[in-house]
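# Coordinate inspection notes
Here are the chains, one letter per residue:
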Amino acid sequence: EVHLMQSGGGSVQAGGSLRLACTASGFTFDGADVGWVRKRPGEECYMVSRRYEGGDTDSLMSVEDRFTISLDSAKNTLYLEMNHLEPDDTAVYYCAAGEITWSMACLAPLSGRYWGQGTQVTVSS
């Protein structure tokens, strides 16, 4: 059985930093498509950063200068380093892996797609 377990998140002031982590059991991130998705209040969720199975990464332009997605293969843990956080970054953040797309409903089930439980990030002015 596959489980993705998230940690990190919390409340910070604008300009601060947070690092989210996602550790998988029953699934190997290395060689798989993985990403971070967020749902901002009143909006649909959307992937903000993605690591493709070959190792290439991509992020939304709104975060690419501030967020970094990385994978520690030895720990089978996916990270999202978030710097210079802004109030608009306030959202619930999910890690996702497997059969993922840039536009997915949060927690939308699909064979071969796996989700973390989500974590709240709140950025105050």
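In short, a report on the structure. The structure presented is a predicted model; accordingly, all values stated were derived computationally and were not measured.

## So, unusual backbone geometry
Although it is not a glycine, N76 sits at a positive phi angle of roughly 50°. Structurally, N76 is set in the loop between β7 (67–72) and β8 (77–82). Residue class for N76 comes out buried when judged on its relative accessible area of 15%.

## Comments concerning the packing of aromatic side chains
What the rule picks out here adds up to three aromatic pairs. Centroid distance F27 to F29: 6.0 Å. Interplanar angle 65°. Geometry classified as edge-to-face. For the pair F27 and Y114, a centre-to-centre distance of 5.3 Å together with 55° between the ring planes defines the contact as tilted. Here F27, found in the loop between β3 (18–25) and β4 (34–39), pairs with Y114, found in strand β10 (residues 113–115); they are 87 residues apart in sequence, far enough to count as distant. When its relative accessible area of 26% is taken as the criterion, Y114 is described as partly exposed. Taken together, the aromatic side chains of F27, F29 and Y114 make up a single cluster linked through ring pairs.

## Brief notes about the state of the cysteines
Applying the stated criterion to the full structure yields one disulfide. There is a disulfide in this structure between C22 and C95, and the S-S distance comes to 2.1 Å. Taking the torsion about the S-S bond as the criterion, the C22 to C95 disulfide, at about 60°, is right-handed. Taken as a pair, C22 in strand β3 and C95 in strand β9 (residues 91–98) lie far apart in primary sequence, 73 residues in all. The exposure class of C22 is buried, given its relative accessible area of 0%. The exposure class of C95 is buried, given its relative accessible area of 1%.

## Let's talk about the pairing of strand β1 (residues 3–7)
Going residue by residue along β1, you find L4 and Q6 tucked away on one face and H3, M5 and S7 left uncovered on the opposite face. Sheet topology note: the β1/β3 ladder contains five bridges and is antiparallel. When the bridges of β3 are listed, H3 appears paired with S25.

## What to know about the nonpolar core
F29, W36, L78, L80, M82 and Y93 are the most contacted members of the largest nonpolar core, which totals 26 residues. With near-sequence residues (within four places) excluded, L80 lies in contact with L18, R19, L20, W36, S49, F67, T68, I69 and Y93.

## So, the environment of E86
Along the chain, the position of E86 falls in the loop between β8 and β9. Put simply, E86 and G16 are 70 residues apart on the chain and 8.2 Å apart in space, counted from C-alpha to C-alpha. Setting aside chain neighbours within four positions, we find E86 in contact with R66 and V123.

Each value, and the rule that gives it
Residues numbered from 1 in each chain as written. Predicted model: local features only at pLDDT ≥ 70, side-chain atom pairs only at ≥ 80, totals over all residues. Heavy atoms only, no water. Helix = DSSP H or I, 4+ residues; strand = E, 2+ residues; numbered from the N terminus. Buried < 20%, exposed > 50% of the residue type's maximum accessible area, 1.4 Å probe, protein only. Phe/Tyr/Trp six-rings, centres within 6.5 Å; stacked < 30°, edge-to-face > 60°. Disulfide = S-S within 2.5 Å. Pairing = 2+ DSSP bridges. Core = buried A, V, L, I, M, F, W, Y, C linked by side-chain atoms within 4.5 Å. Contact = heavy atoms within 4.5 Å.

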